[in-house]
Amino acid sequence: MIWLAWRRHRFLLALFAGLLVGLGVWMVLLAHAFDHASNVCRDQTYQCGFQYGVFSIENQATAINALLLFLPCLAGIVFGAPLVAGELEHYTNRLVWTQGISRTRWFVTKWLVVGLILGALTSLLVLITQYWSGHVFARLPLTLALNGRIQPTLFAVTGVAPVAYTLFAFSLGVALGAILRRTSWAVVGTVVGYTAVALLMVFSIRPSLASQGFLSTTRSTSVQYVTLPRPQPWILSYGFRFAPGTQPSTGASSASAIAKRCLNQSFTGSSYDQCLSTHDVQGGFFDQSATHYWALQWRETAIYLLSALVLLGMALWAVRRWRE
Amino acid sequence: MTAALETVGLGRRYRTKWALRDCTFSVPEGSITGIVGPNGAGKSTLFRLAAGISRPTSGTVTVFGQEVRLNSSEHLKRLGYFDQLRPLYSGFRVEEMLTLGRRLNSTWDNAAAREWLSELNIPMKQKVGHLSLGQQAQVALTLCMAKRPDLLLLDEPVASLDPLARHELLQTLMGTVAEQGTTVFLSSHFVSELEPVCDNLIILSSSQVKITGTIESLLADHRLLIGPDGPEPLNGVEMISSRKTGRQRTLLVRGIPPSLGPGWQDLQPDLNEIVLAYLARRAPGANHKLADDGTSDGGPS
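Residues numbered from 1 in each chain as written. Chains lettered and ligands numbered in written order. Predicted model: local features only at pLDDT ≥ 70, side-chain atom pairs only at ≥ 80, totals over all residues.

## What about the overall build of chain B?
To be explicit about the condition: Strands here are runs of E lasting at least two residues and helices are runs of H or I lasting at least four, both read from the DSSP assignment and numbered beginning at the N terminus. In this setup the radius of gyration rests on C-alpha atoms only. A globule is expected at 2.2 Å times the number of residues raised to 0.38. Here contacts are defined at the residue level, using C-beta atoms placed from the backbone and a cut-off of 7 Å between them.
What chain B contains, in helices and strands, is eight helices and 14 strands. The C-alpha atoms of chain B give 21 Å as radius of gyration, which agrees with the globular expectation for 301 residues (19 Å, within 12%). Projected onto its principal axes, the C-alpha coordinates of chain B cover approximately 70 × 40 × 35 Å. For chain B, the proportion of contacts with a sequence separation of at least 24, taken over those separated by at least 6, is 70%.

## What about helix α2 (residues 94–104) of chain B?
The condition is simple: Any residue surrounded by 20 or more other C-beta atoms within 10 Å of its C-beta is treated as buried, while 12 or fewer makes it exposed and the intermediate range makes it partly exposed; C-beta atoms here are placed from the backbone. By arc we mean the arc of the directions from the helix axis to the C-beta atoms, nothing more.
For α2(B), the set of buried residues is B:V94, B:M97, B:L98, B:L100, B:G101 and B:L104. Buried residues in α2(B), looked at end-on, bunch into an arc of 150 degrees, giving them a common side. Here the buried face of α2(B) lies against α1 (2–40) and α4 (92–96) of chain A together with α3 (110–119) and α4 (133–146) of chain B.

## Comments concerning the nonpolar core
To keep it simple, the criterion reads: Core membership is restricted to buried Ala, Val, Leu, Ile, Met, Phe, Trp, Tyr and Cys residues, and these are joined into a nonpolar core through C-beta atoms within 7 Å.
Within the largest apolar cluster, 131 residues are counted, with the highest numbers of intra-cluster contacts made by B:A50 and B:L153. Here this core gets 14 residues from one element, more than from any other, and that element is helix α7 (residues 161–180) of chain A. Residues contacting B:A50, with those up to four places away along its chain left out, are B:L5, B:V61, B:V63, B:V68 and B:L153. Judged by nonpolar contacts, the second largest core, of seven residues, contains A:V54, A:I57, A:W132 and A:V136.

## Section: the environment of A:L125
Residue and element names in this part refer to chain A. Along the polypeptide, L125 turns up in helix α5 (residues 103–135). By C-beta crowding, L125 is classed as buried, having 23 other C-beta atoms within 10 Å. Taking C-alpha positions, L125 is 8.1 Å from V21, a pair spaced 104 residues apart along the chain. For L125, the contacting residues outside a window of four places in its chain are L20, L23 and G24.

## Considerations on helix α8 (residues 183–205) of chain A
The complete set of buried residues in α8(A) reads A:T183, A:A186, A:V187, A:G189, A:T190, A:G193 and A:Y194. Of the surrounding elements, those touching the buried residues of α8(A) are α3 (54–89) and α7 of chain A.

## A short note on the sheet that holds strand β13 (residues 248–254) of chain B
Residue and element names in this part refer to chain B. Rules: Paired strands are those between which DSSP finds at least two bridges. All axes are obtained by fitting lines to C-alpha atoms, using only the stretch in contact for helices, and the reported angles, taken between N-to-C directions, cover 0 to 180 degrees.
Strands sit in the order β12-β13-β11-β14 across an open sheet of four strands; the sheet is antiparallel. Single-partner strands in this sheet number two, and they are β12 (238–245) and β14 (265–267). Shown here is a sheet whose adjacent strand axes are inclined to one another by a mean of 20 degrees, direction ignored. Against the sheet, helix α8 (residues 271–280) engages β11 (222–228), β12 and β13, with an angle of about 95 degrees to β12.

## Some thoughts on the packing of α3(A) against α8(A)
Residues and elements named next belong to chain A. Here is the rule: If an angle is under 35 degrees, it is roughly parallel; if it is over 145, roughly antiparallel; if it lies from 65 to 115, roughly perpendicular; otherwise it is oblique. When the near helix sits turned anticlockwise from the far one by under a right angle, the crossing is termed left-handed; a clockwise turn instead gives a right-handed crossing. Ten residues, namely Ala, Val, Leu, Ile, Met, Phe, Trp, Tyr, Cys and Pro, are considered nonpolar, four, namely Asp, Glu, Lys and Arg, are considered charged, and the remaining ones, Gly among them, are considered polar.
It is the contact of α3 with α8, at a shortest axis distance of 8 Å, that shows an interaxial angle of 150 degrees. One element, α3, and the other, α8, form an angle in the roughly antiparallel class. Crossing hand, α3 versus α8: right-handed. For the pair α3 and α8, the contacting residues are P72, C73, G76, I77, G80, A81, P82, A85, G86 and E89 in the first and T183, A186, V187, T190, V191 and Y194 in the second. Among the residues forming the contact of α3 with α8, the class breakdown is 10 nonpolar, five polar and one charged.

## With respect to the sheet that holds strand β5 (residues 281–288) of chain A
Two strands in a sheet stick together by hydrogen bonds in their backbones, pointing the same way (parallel) or opposite ways (antiparallel). All names here are of chain A. The sheet built from three strands is open, its strands ordered β1-β5-β4 with antiparallel pairing. Both edges of this open sheet fall to β1 (213–216) and β4 (234–242), since each of them pairs with a single strand only. With strand direction ignored, the average angle separating the axes of adjacent strands in the sheet is 40 degrees. As defined by bridge partners, β1 adjoins β5 across four bridges and the pair is classed as antiparallel. Bridge assignment links G213 to a residue of β5, and that residue is D287. Sheet contacts for helix α9 (residues 255–265): β4 and β5; angle to β4, the most-contacted strand, approximately 75 degrees.

## What about unusual backbone geometry?
Even without being a glycine, B:F64 presents a positive backbone phi close to 50 degrees. Here B:F64 shows up in the loop between β4 (58–63) and β5 (66–67).

## Focus: the pairing of β12(B)
Residue and element names in this part refer to chain B. Alignment of β12 against β13, held across seven bridges, turns out to be antiparallel. Across the sheet, residue R243 finds its bridge partner in β13, namely T250. Connecting β12 to the next strand, β13, in antiparallel fashion are two residues, including G246 with a positive phi near 65 degrees.

## Considering the packing of α5(A) against α7(A)
Residue and element names in this part refer to chain A. At a minimum axis distance of 9 Å, the contact between α5 and α7 shows a crossing angle of 150 degrees. Between α5 and α7, the interaxial angle falls into the category roughly antiparallel. Crossing of α5 over α7 shows right-handed handedness. Between α5 and α7, the residues in contact are W111, G115, L118, G119, T122, S123 and V126 and P162, V163, T166, L167, F170 and V174, respectively. Looking at the contact of α5 with α7 residue by residue, the class counts come to eight nonpolar, five polar and no charged.

## Some thoughts on the pairing of strand β2 (residues 17–28) of chain B
Residues and elements named next belong to chain B. When strand β1 (residues 3–14) meets β2, the two strands line up antiparallel, connected through eight bridges. Note that in β2 the partner of T7 across the bridge is F25. What sits between β1 and β2 in their antiparallel hairpin is a turn of two residues, with R15 showing a positive phi close to 55 degrees.

Structure (structure tokens):
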């Protein structure tokens, strides 16, 4: 059965591997180009940047990052959706299910062979991505945002999580294909489902996977500013909290409710600040520290892998009860 | 004698339509049993139920005394299943299809498989998708036979083949089967294809079994009566069909009429006439036409 799973999917797997190799070569070349430019332009002037194509490197880096973000979904579409549905559509399930092996063995072997190869390919790509992002993103002199692997766009393409994303997207495609029995519907479902889960993860789940930090702002004349630690944390939102070690003086009111009341009472900066400090309320940014990177990576990986297992179970259930 | 294949009250419903209903028969071990019926009679549904890729809505189907279940691989070892659609991986070479069979079956006679295919001049290196329909059918049949099954289920094995390919395929089949005593259950639209190779015949129409029996007993039990239009001589026999042509009436009956009125002739019908009579016969009380019953033979999938 391992032979059949490999024979059936080897062409697309080779194509996918070729795509990843191309992407890897591009990343390595880009990292070298950037090394060269940044060695020459130590003064980090814009003119030098122009001359050595730093802007072009930056644009290409953004494009690569976008491609990397889409890769797990692509694996789900290309390998996941047709894994079962493609056989049902061509009636080849009737051929393989009437040989000598059970549907369960057929399905699990297929899933394992394709899933393990996809996982291995993604792992290799992540290694190249780490090298590349270390050379390009960490040292880009002109980039203001996107500093550090804790930022969502780099977080999703480095570490261990990308492997889990790929296996999840693959399992999602498999399960949808097995349940809907149409490759085309499974493709649409995979794109919509994977994107929805990824967005939900970034906006609702990942911010609370580790304890949040707080960077209180300080005021200088009329401008509020905050000093960001190095490496930069992931800024989640602007909000209020009670200063550490203080008891809320007004019972049930929350810090943000007090801040709102303070704002209603006075519009001038200094009296507003005074109002806040009499209530021991601080304004500032909630954040995830860059030191939480691995904790977040492993927790997110666990969530995605568990979801992939649940989807695998659902697909197996659909395969076992499918009747013509 | 034990039954290689046995169904009891077997039925399969697709939403509201019964593709097969209350089907009870048995295929004796070592026999070659044919099933004949029009498109949509439920033949393919019956084969899929026996092969375990479909599950009955009612009743049971057993293979060598073992109930067929969706996920058991037990019955598969003794079964060679030829699907009506002849699904093969079109991107595989012929020899890769044999590798598939060898890898997925515990018993596999690779030498015999290669020999059959080379006798039929099917190139081992050719992609399956580039073969003719007849050659594809031969490859599919080879896959069924190389696992040395005790029961071959062949759903329309010769449909859409030219006469020569039909002949070749049936010959390959019957040659092997005779050597090994394999039980064969096969279907066709045409009784003329089944008659030369089968011991038993099952007539299926409108999702129901009309009659089963050995070909000899079917021939011995039925008479063709031709006589003047008027009262029909139906004492002691069951009328299967009655047809009026001009001033003559032609009856096909089951049983031997003891006496016939003046002007009546008693003839021996051929198998085709018997089958057509049963297919034209409507079930008592049935109010549907033969043409639009149930699902197509391809079946809803």
